[in-house]
Amino acid sequence: MAAQTLQQPSFLLANLKADSTTKPLLHRCQDLVKIIDEYPAKELHLIFPWLVESVFGSLDGVIAGWNLRFLHSRSNEYNIVMEFLNPSGPMMKLVYKLQAEEYKYEIPVNYLPGPVKACIQEGVLPDCPLFHNKLQFPLSGLLTLNLALNPFEFYMFNFAYCLITPKNHPQGYHGSSTDSAYFVLVDTYLKYFLPGEGNVPPSPFSDSRGSVTAPSPRSSSVSFAGYGVHSPSLLKHHIFHQPTVNADPSAQEIWRTETLLQMFVEIWLHHYSLDMYQKLQSPQVKEPFSPTEEHVLVVRLLVKHLHAFSNSLKPEQLSSSPSAHSHTHTSPLEEFKRVVVQRFVQQKLYLFLQHCFGHWPLDASFRAVLETWLSYIQPWRYTGEKTNPQPDQSRTVPDKWESFVQENLLMYTKLFQVFLNRTVRTDLVNAKNALMVFRVAKVFAQPNLAEMIQKGEQLFLEPEHVLHHRQPRGYLTPNQGGSFLSSRQRVMTDVVFKVKSHVYALEGQDCQYKQMFGTELRGGVMKLIQIIAQARQTAKRISDHSNEVSANTSFLSWFGMGSSDHNNTFAGAEPEESGECLKKTHEFLERALENLCQIFKLNQGQLTQLISNLSSSQDDGSSKQLPDCIQSENGLILTDLGRRQIISGLRRFDIHYQGDPELQPIRSYENALLVRLFYKISSLVNERFGGHMSALCSRPDFLGRLGRHYFADHDSATKLKHSPVSRWMLERNRQPRLSLRPLASYRTILMLLLFYMFGALLSFGPISSTLLILTGGFLYGLFMTLFGDKLKTH
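Residues numbered from 1 in each chain as written. Predicted model: local features only at pLDDT ≥ 70, side-chain atom pairs only at ≥ 80, totals over all residues. Heavy atoms only, no water.

K.L.:
Would you take a moment to explain the overall build of the chain for this structure?
P.N.:
Counting its secondary structure elements, the chain contains 33 helices and five strands. Expressed as a percentage of the 794 residues in the chain, the buried residues total 46%. Counted over contacts in the chain with a minimum sequence separation of 6, partners at least 24 positions apart contribute 79%. (Helix = DSSP H or I, 4+ residues; strand = E, 2+ residues; numbered from the N terminus. Buried < 20%, exposed > 50% of the residue type's maximum accessible area, 1.4 Å probe, protein only. Contact = heavy atoms within 4.5 Å.)

Encoded structure:
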C-alpha cells in the first residue's frame, strides 16, 4: 500500500481495517512495513491503537487478534509474526517513532490488577511509580477513570495483558505453551531489554520529549533500606523514571527496561495484596483472579531471566563498599541490577505463589507452580558460570548467597510449610506427585542451604533490645580509635533489620512466625514421612498385584481357560500408576525420605522406627487396601480416617462393576452389533426358560453343579464385598441365566474362525465343526465341574 495513494489518515485506517478481512497476514505485514516507513507520526498515531488491538486482541477478550498464545513454529504465519514483532522489528519501530512525540493512549482503570485498581478508586496513589501522574479524570465521574500511557507503555501493557485475557483454544489445537509465539516473544523481549552483557540498544528515534517524565514526589522518597542498597546516588538517578537529557547516554535508555519489567510484574503478579490475601483465607470470599498453567510458566520464565540479569552484575560493583559507591560512576543499568529482584518482584511473587499453593488443584499441573518457586529460591543456578557439572545433591550453596536467603526467608520457610500442608492431601502413589515431593526435598537438601535458612530464622528471632546493648569483646574503645557500636555490630544490626523488614513487609506487623526447624513443623515433617512410607508400600503392593495378574494371563486365556474378569485391575489405577511409573514412584519417595532426613537431621534409627511402627499398625491381607470403615446395617461406611486415607491415596476400595454384567459398556475388544444381537437372543431365552434354569441350578446333585457352571455368576458375591454398597445390593440373589456376550469378543470370533479353517483342512463341514466345538465346550464344562474346586485350592 503506497503512501501516495492515501492523503487522509482516516482513509489509511479505513483501508487497513478493510484489508484485515481480505488480505493474508503476509501481505498485511508488508503493507504495514511500508506505511511505518513512509507516513509521519501524526498519521501513524491514529492507527496505532487499532493496530495494537488487532495484534494482541482486545482487553475484554472479544477480539482474538493474531492469537499469539496459540501460534506455534509449525504454523506458516509464525515467522511472519516473529519478524514483525521483534524488538528491532517494524512494530517496535512504530512505537519508537510515536515515542519521539508526546502522544498518549488511554487504558481504562478497570483493566488494571485488583489491588492497583482498588488504590486508584479509593484515591490512594499506587505503590508502583508506573501509574503515577497518568490519571485522566473525565467529566462523567470516577467510574470511567483512564490512564494516559505513552506509546511504549501502551504497547507493553497490551502485550502483557494478552497473557491473562480469557481466550478459547482454536479448534484442533494441540500444542505446548512454552513454544508458542507469545512465550518466545516474552523470552526475546526480556533478553533484549534486560541484557546480561552491555546496555539496551538505543532507540532509532531518540527524543527528550518522549523519554523524559517528571519524577513523582512520592517516588523520590522511596527508601531502599533492607533491599541491599546503601548508595544515596541511586535516589539521585531516579531509576524508576526516565532520566534527563543531560544524563549519561546509557541512562536515557534504562527507562524502557524499567517500564517493561514493571508492566510485566504488575499485570502478571500484582493480583493479590496482603489485605486481600488475608481475606482469602475465609472460604466465603470468592477468588479475585485464578492464574492458568500457561500464566505460571511465563512467570517462571520471568523469574529465571531476572536472576540471570541480576547475577550479571559485575563483581567489583557487587563487592564495593557503600562509600565507594557514592564516588564511582556506576551505570544506571548496573544499579538497577542490584535492586531489581528485591524491590520489584519479591513481595508480589510471594503473594502470587501463596495463592497458587493454596488454591491450585491437587493434580500434576501444580508442577508449573512448584518449579517457579524452586527457580526463585535457587538464584545460584542462573549465574552463567561454566563450572564442572556436579550432581545437585553434592553441589554446595556458596556462602555469598546467604544474604539472599536471609532477605527472602519467607520464600523458603513459609512456602515450604504451605507445600507441606498441601502434600499430605495429595495422592503420592501417583508418580508425578511423588516427583514433586522429591524435587522439593532435593532442593532443600543442598549442602549449606538448611544452615542458611536456620541462621536467617535465628536473626529474625533476635531480640532487638539485646542487640542494641550487646558489646562484642575484642574491639577498640572510642578512646582507642574505635566506636561504641563496632563495625561488626553495625553489620549485625543491618542484617537483623533486613530480615525483620522482609518478614513484616510480606506478612504484616502482627504475623505469627512459625519456624521451619521448630517443634511444630518438625511434627508435620514426621507425619509426611509416615505418609511417604505408606505411599511407598502402596505403590509396591500395586506393582506386585499387577505382576501377579500379568503372570496369570497366559496363552491358555486365548482358549477361554484363563480369567474372564476384565475388571481384575487395581481400582482407580491410571496409566501413570502402573508398570514403570510405579517403580519411579518408589524411587522418588525413597530418595525424598533420604533428603528429608538430611534436611531435618533425622538419623536412620529414627526413620526405621517410624516405618516399623507404621508397618506393625497395619493389618495383613487385603484389608491393607481398604480404607478405614465401620460396618452398618446398610453396608460399609467411611470414617474420617478413611476419607483422609482415600484423599491421600494411601488406601482405596477395590472397585468393580456391580450392575448387570450384560449391560456393561461395550468394550473396545467387542463387536457392538453382535453384543446387542446376542443380548436380545439371551433375553428371549432367559425369559422363556428362566424357571427351568433356576430349577436346574438349585439341585444339589451333579446336574445342579453342571448347570451352575454354565448359568450362574460365581464371582458376584465376592465382588460386592470390596466396596461399600447398600444392604439390598449385598443380599440380591442373582438369577441363573444364559449369557452369549462372550461370543461377541473379537478374540472368540478369531478362535472360532481358526477352528473352522482347521476343520476345513481336515475335510470337516461347518455342521461337523460346530458339533465338535459344542462337544468340546461341554467336555470342558464337565471337567471343570468335576475338578474345578480342587484346581482352585491348589
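K.L.:
I keep staring at the sheet that holds strand β2 (residues 135–136) and nothing clicks. Help me out?
P.N.:
Two orientations exist for strands paired in a sheet by backbone hydrogen bonds: parallel and antiparallel. Ordered in space as β1-β3-β2, the three strands form an open sheet in which the pairing is antiparallel. In this open sheet, the two edge strands, each paired with only one partner strand, are β1 (105–108) and β2. Where β1 and strand β3 (residues 146–149) come together, four bridges link them in antiparallel fashion. By the bridge assignment for β3, Ile107 is matched with Leu147. (Pairing = 2+ DSSP bridges.)

K.L.:
Just checking my understanding: could you explain the environment of Leu740 for this structure?
P.N.:
Within the fold, Leu740 resides in the loop between α31 (727–730) and α32 (746–761). By relative accessible area, Leu740 is classed as buried at 18%. On a C-alpha basis, the gap between Leu740 and Tyr679 in space is 7.0 Å, while along the polypeptide they are 61 residues apart. With residues near it in sequence (within four places) discarded, Leu740 still touches Phe678, Ile681 and Ser682.

K.L.:
Any chance you could explain the packing of helix α5 (residues 90–99) against helix α7 (residues 151–161) here in plain terms?
P.N.:
It is the contact of α5 with α7, at a shortest axis distance of 8 Å, that shows an interaxial angle of 145°. Of α7, the residues touching α5 (which contributes Met91, Met92, Val95, Tyr96, Leu98 and Gln99) are Pro151, Phe152, Tyr155 and Met156. For the contact of α5 with α7, the per-class residue count stands at nine nonpolar, one polar and no charged. (Axes fitted to C-alpha atoms, helices over the stretch in contact; angles between N-to-C directions. Nonpolar A, V, L, I, M, F, W, Y, C, P; charged D, E, K, R; others polar.)

K.L.:
When you look at the side chain of Gln664 in this model, what are you seeing that I'm missing?
P.N.:
Within the fold, Gln664 resides in the loop between α27 (640–647) and α28 (672–697). Of the residues examined, Gln664 reaches a relative accessible area of 18% and is grouped as buried.

K.L.:
Is there a simple way to explain the environment of Leu461 in this structure?
P.N.:
Mapped onto the elements of the fold, Leu461 is located in the loop between α21 (449–460) and α22 (464–469). Taking the C-alpha atoms as reference points, Leu461 and Tyr513, separated by 52 residues in sequence, lie 9.2 Å from one another.

K.L.:
Where do I start with a nonpolar patch on the surface in this structure?
P.N.:
On the surface, Phe702, Leu703, Phe783, Leu786 and Phe787 cluster together into a nonpolar patch covering about 430 Å² of accessible area. With three residues, the single largest contributor to the nonpolar patch is helix α33 (residues 766–793). Tracing the backbone through its elements, the reader meets Leu703 in helix α29 (residues 702–711). (Patch = residues over 30% accessible without salt bridge, like charges linked within 9 Å, V, L, I, M, F, W, Y side chains within 5 Å. Areas by Shrake-Rupley, 256 points an atom, 1.4 Å probe, with all protein chains shown as cover. Salt bridge = Lys/Arg side-chain N within 4 Å of Asp/Glu carboxyl O.)

K.L.:
What's the story with the side chain of Lys348 in this structure? I'm lost.
P.N.:
On the secondary structure map, Lys348 appears in helix α16 (residues 332–359). Once you skip the residues sitting within four places of it in the chain, Lys348 turns out to touch Val265, Glu266, Leu269 and His270.

K.L.:
Before we go on, may I ask you to explain the nonpolar core in this structure?
P.N.:
Here is a general trend for soluble globular proteins: nonpolar side chains tend to be buried in one another's company. Grouped together as the largest cluster of nonpolar side chains are 173 residues, with contacts concentrated most on Leu85, Tyr155, Phe193, Trp268 and Trp373. At 13 residues, α16 tops the list of elements feeding residues into this core. Apart from residues lying up to four places away in sequence, Trp373 is in contact with Leu353, Phe357, Met411, Tyr412, Leu415, Phe416, Phe419, Val440 and Phe444. (Core = buried A, V, L, I, M, F, W, Y, C linked by side-chain atoms within 4.5 Å.)

K.L.:
What's the story with the packing of helix α2 (residues 25–38) against helix α4 (residues 78–85) in this structure? I'm lost.
P.N.:
The axes of two packed helices give the description: the angle between them and the distance between them. One way to put it is that α2 packs onto α4 with a least axis distance of 10 Å and a crossing angle of 15°. Relative to α4, the element α2 is oriented roughly parallel. Crossing of α2 over α4 shows left-handed handedness. Residues Leu25, Leu26, Cys29, Leu32, Val33 and Ile36 of α2 lie in contact with α4, whose contacting residues are Ile80, Val81 and Phe84. Residue composition of the contact of α2 with α4, by class: nine nonpolar, no polar and no charged. (Parallel < 35°, antiparallel > 145°, perpendicular 65-115°, else oblique. Left-handed = near helix turned anticlockwise from the far one by under 90°.)

K.L.:
Teacher, can you tell me more about the packing of aromatic side chains here?
P.N.:
Here a ring pair, both rings aromatic, is described through the centre-centre distance and the interplanar angle of the planes. Overall, the coordinates contain 34 aromatic pairs when judged by the stated rule. Note on Trp373 and Phe444: the rings are 5.7 Å apart at their centroids and 45° apart in plane angle, and the pair reads as tilted. With Trp373 in helix α17 (residues 367–376) and Phe444 in helix α20 (residues 431–444), this pair connects stretches of sequence that are 71 residues apart. When sorted by exposure, Trp373 lands in the same class as Phe444, which is buried. Arranged with centres 5.8 Å apart and planes meeting at 45°, the rings of Tyr376 and Phe404 form a pair that is tilted. You can see Tyr376 sitting in helix α17 and its partner Phe404 sitting in helix α18 (residues 402–407), a full 28 residues away along the chain. Like Phe404, Tyr376 is buried. Here the aromatic residues Phe56, Phe152, Tyr155, Phe159, Tyr182, Tyr189, Tyr192, Phe193, Trp255, Phe264 and Trp268 are joined through ring pairs into a cluster of three or more. Positioned above the aromatic ring of Phe366 is the side chain of Arg422, whose terminal nitrogen or guanidinium carbon lies 3.7 Å from the ring centre. Across the ring face of Phe460, the terminal group of Lys500 is positioned such that the distance to the ring centre comes to 5.1 Å. (Phe/Tyr/Trp six-rings, centres within 6.5 Å; stacked < 30°, edge-to-face > 60°. Lys NZ or Arg CZ within 6 Å of the ring centre and 35° of its normal.)

K.L.:
Got a minute to help me understand α28 in this structure?
P.N.:
Residues lying three or four places apart along an α-helix face the same way, a consequence of the helix completing one turn every 3.6 residues. Given a rise of 1.5 Å per residue, 26 residues ought to cover 38 Å, yet the end C-alpha atoms of α28 are separated by just 30 Å, more than 12% below that figure. Of the residues making up α28, those classed as buried are Val675, Phe678, Ser682, Asn686, Gly690, Met693 and Cys697. Tucked inside the fold, the buried residues of α28 contact α29. Where α28 starts, the residue carrying a side-chain oxygen 3.1 Å from the main-chain nitrogen of Leu673 turns out to be Asn671. (Expected span 1.5 Å × (residues − 1). Polar contact = N/O pair within 3.5 Å; in protein donor to acceptor, adjacent residues only side chain to side chain.)

K.L.:
Hey, could you run me through the confidence of the model for the chain in this one?
P.N.:
When pLDDT is low, close inspection of the predicted coordinates is not appropriate. Summing up the model confidence of the chain, the mean pLDDT is 78 and the portion of residues at 70 or higher is 71%. Of all secondary-structure elements in the chain, the lowest mean pLDDT belongs to helix α10 (residues 233–237), at 33, while α17 reaches the highest, 97. Contacts for the low-pLDDT stretch residues 1–9, under 50 throughout, to residues beyond four places or in other chains number 19 contacts. In this model, residues 619–623 is a region of pLDDT below 50 whose contacts with residues beyond four sequence positions or in other chains number two contacts. (pLDDT = per-residue confidence, 0-100.)

K.L.:
Explain the pattern of salt bridges here, please?
P.N.:
Should their charged atoms come close, side chains of opposite charge can pair. What the rule picks out here adds up to 20 salt bridges. Among the salt bridges present, the one from Asp19 reaches Lys23, with a minimum N-O distance of 3.9 Å. Look at Lys23 and you get partly exposed, because its relative accessible area is 30%. Connected through shared salt-bridge partners, Asp19, Lys23 and Asp31 make up one network.

K.L.:
I tried to follow α2 on my own but got confused; where do I start?
P.N.:
The terminal C-alpha atoms of α2, which comprises 14 residues, lie 20 Å apart, in line with the 20 Å expected from a rise of 1.5 Å per residue. Regarding α2, the residues found buried are Leu25, Cys29, Asp31, Leu32, Ile35 and Ile36. Buried residues of α2 fall within an arc of 160° about the axis and therefore sit on the same side. (Arc of directions from axis to C-beta.)

K.L.:
Even after reading the chapter, I still don't get the environment of Leu51, so can you show me in this structure?
P.N.:
As for its position among the elements, Leu51 is in helix α3 (residues 41–56). What makes Leu51 buried here is its relative accessible area of 1%. Each C-alpha atom of the pair Leu51 and Leu16 lies 9.0 Å from the other, and the pair is 35 residues apart in sequence.

K.L.:
So what exactly am I meant to see when it comes to unusual backbone geometry here?
P.N.:
Comment: phi is negative for the bulk of residues other than glycine, and the bulk of peptide bonds are trans. Even without being a glycine, Asn133 presents a positive backbone phi close to 60°. Its identity is not glycine, yet Lys601 carries a phi of approximately 55°, on the positive side. By the element assignment, Lys601 lies in the loop between α25 (580–599) and α26 (604–617). Under the relative-accessibility criterion, Lys601 is labelled exposed at 54%.

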